[in-house]
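So you can see what is in the structure, the chains are spelled out below.
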Amino acid sequence: MKQFTYFIKKEFFHVWRDKRTLLILFGMPLMQILVFGFALTNEVKNTKIGVLDNSKDETTRAIIEELESSRYFDIYRSLGSNADLEPAFRSGKIKLAVIFPENFQDQLHHGNKASIQLIGDATDPNIATTLINYATAVIMDYQRNMRGQPVYPYTINTEMRMLYNPQLKGSYNFVPGVMAMVLMLVCAMMTSISIVREKEMGTMEVILVSPIVPIRVVIAKMIPYFILSTVNIASILLLSVYVLDVPIQGNLALLVGLCLLFTVTVLALGLLISSVAGSQQVAMLISLMGLFLPTVMLSGFMFPVENMPIPLQVVSNLVPAKWFYYIVKNVMIKGLGFEHIWKETLILAGMTCFFMAVSLRKFKTRLE
Amino acid sequence: MSAEKVISVKELTKRFGDFTAVDNITFDVKQGEIFGFLGANGAGKTTAMRMLCGLSFPTSGEASVAGFDLYKNADAIKRNIGYMSQKFSLYEDLTVRENIRFYGGIYGLTDREIKEKSDEMLTQLKLGEQVNSLVKSLPLGWRQKMSFSVAMLHSPKIVFLDEPTGGVDPITRREFWTLIYEAASRGTTVFVTTHYMDEAEYCDRVSIMVDGRVDALGSPTELKEQFSAKDMGGVFLQLARKATRSDG
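In this text the structure is predicted, and so the values were computed from the model without any measurement. (Residues numbered from 1 in each chain as written. Chains lettered and ligands numbered in written order. Predicted model: local features only at pLDDT ≥ 70, side-chain atom pairs only at ≥ 80, totals over all residues.)

Let's shift gears to the overall build of chain B. A tally of regular secondary structure across chain B gives 9 helices and 10 strands. Rg of the C-alpha trace for chain B: 18 Å, near the compact-globule value of 18 Å for 248 residues, within the 12% margin. For chain B, the C-alpha atoms occupy an extent of roughly 50 × 40 × 35 Å along the three principal directions. The burial tally for chain B puts 44% of its 248 residues in the buried class. Of the contacts formed within chain B by residues at least 6 apart in sequence, a portion of 69% connects residues at least 24 apart. (Helix = DSSP H or I, 4+ residues; strand = E, 2+ residues; numbered from the N terminus. Rg over C-alpha atoms; globule rule 2.2 N^0.38 Å. Buried ≥ 20, exposed ≤ 12 C-beta atoms within 10 Å, placed from the backbone. Contact = placed C-beta atoms within 7 Å.)

Residue and element names in this part refer to chain A. Structurally, M189 is set in helix 7 (residues 171-201). A sequence separation of 39 residues divides M189 from L228, and the C-alpha atoms of the two residues are 13 Å apart. M189 has contacts with G270, M284 and S287, leaving out every residue within four places of it along the chain.

Another aspect to go through is the sheet that holds strand 9 (residues 205-210) of chain B. All names here are of chain B. Read from one edge to the other, the open sheet built from 6 strands follows the order 6-7-8-3-9-10, with strand pairing classed as mixed. Of all the strands in the sheet, just strand 6 (81-84) and strand 10 (213-218) have a single pairing partner and so form its edges. This sheet shows a mean twist of 15° between the axes of neighbouring strands, independent of strand direction. Both strand 6 and strand 7 (residues 158-162) contribute to a ladder of 4 bridges, which runs parallel. Residue G82 lies in a different strand from strand 7, and its bridge partner there is V159. (Pairing = 2+ DSSP bridges. Axes fitted to C-alpha atoms, helices over the stretch in contact; angles between N-to-C directions.)

As a further point, take the sheet that holds strand 2 (residues 73-79) of chain A. Residue and element names in this part refer to chain A. The strand order across the open sheet formed by 4 strands is 2-1-3-4, and the pairing between neighbours is mixed. In the strand order of this sheet, the two ends are held by strand 2 and strand 4 (117-120), each with one partner. Strand-to-strand, the axes of this sheet are offset by a mean angle of 25°, without reference to chain direction. The pairing of strand 1 (residues 47-53) with strand 3 (residues 96-100) spans 5 bridges and is classified as parallel.

The next point concerns the interface of chain A and chain B. With 22 residues of chain A at the contact, the number on the chain B side is 25 residues. Elements represented by at least two residues in the side of chain A that touches chain B include exactly helix 1 (2-17) and helix 8 (203-209) of chain A. In terms of residue count, helix 1 of chain A provides more of the side of chain A that touches chain B than any other element does, 8 residues in total.

Remember that the coordinates give geometry; whether it matters functionally is a separate question.
Written out as structure tokens, the structure is:
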């Protein structure tokens, strides 16, 4: 047992002495949360739009005011003529243009019908659609208010309620994703690199010649990264609650327990990589291509799994992060209890056991 | 010198697929001996040594090290041998003292033993002042000597040295061999592979491997007579020329 503590101490020295890596390890969750929270967001907010008002009457002014006062749009500037439209779009200064025809109010009041043209920049089709929908909604709102009560005898009103995330905040979606990504990087990549480094340096041979039991070598390697991960889990949760206002709806102990389970999964993956990789670069490459990329692409964090072609959906089931992401989302955001996620947890636990068994086996045979 | 055999190897063979790295070698090493293990690159010396250290399983043959059977008692062997690998095997980002503590620790030495041993070792190597500096700040010669002393920390019966003086200047090599002699005079058996023929002359007995076989075995004087060469270099060249396989 004493050998073991010496070993763990040594691992801590390695981590502690390498200040640059340490900075990355602790800085990364902070960076990712802040970047995803404040910079990279697909929410539509304060989008610059251009307005071409050929009518300049009361009604058009009122509609423009409505548009401006919504939190989705900022009027970039009023356009003078059709000729200004193209350059404004091309330079990317506006994403949407609202065009009122001449005599808008007259047509509306006397002809009972007037049209507004909405032109969207569809280089990003999703955003363009969203913008057009929002603008339409704002205009419809105005129309309803202007007319007072609807005059149709039969009306269907849709009432919407966005469950679990009423403000439609992107952070609800990415906090679980960032957690999976950070744990992947910290645990899998760092563990595999630290084991492969010893192989490269030749120190692994000396350790294997010593009477220390190989399995203890592996466990001692994992412990510092396990502890680092718990620090990272804590900092991500604190940041998301206090900086991003994403509340933890479910049981905190359950959430933390599941995070720790995933940490072990990833540590096992790191060990597996280290038994395949011959050099630190290869270990890093495999971690990035084999673990990090699927985590980002296939876990459902960036792109919904349900929309993928069937083969990809099948493949995504093999990505541990997918299950972790599902679990965290349900516990943290929806506030579900264990009874709703036990199946996914079982799958994750099964994967963990499998990876652990395979990698320990591989580690042993490598020594021969 | 007592005649007790501490290493006994009989028809030991290691194959990797079709390739026979070590081909049916047989030899004994006596206690307190400095046993030189020579051979060109790829002749199979490192493979043979790795088998004796328990890093690699033999394909066939028998061997006992420090009185324990290679197959049945690998753990007992590990406690009784020291090993210095070809690559520098201390942790560069740890201090001298931390390295000593770590290696002492994994061999199960008590804190007091570690303290005594490290004091002794630091005086011998005149490293007292550098005890708290990182190993990477030490010159290569010192590091090699320190690696050796670390391999000797738990007073093993046998110490295996895999090309310990590679890339080291002649003066340090001399100092290194002084350490080897001291260890041998205290009864430790030294099993050393080397490329340097002058070092072969320092050994009590030498075996020369060619293409995975032991082609010559005896004291340097005997071998020089047998091959009527004036130095070990001559002996080695005569044997190595017969080799059919080159680098591997």
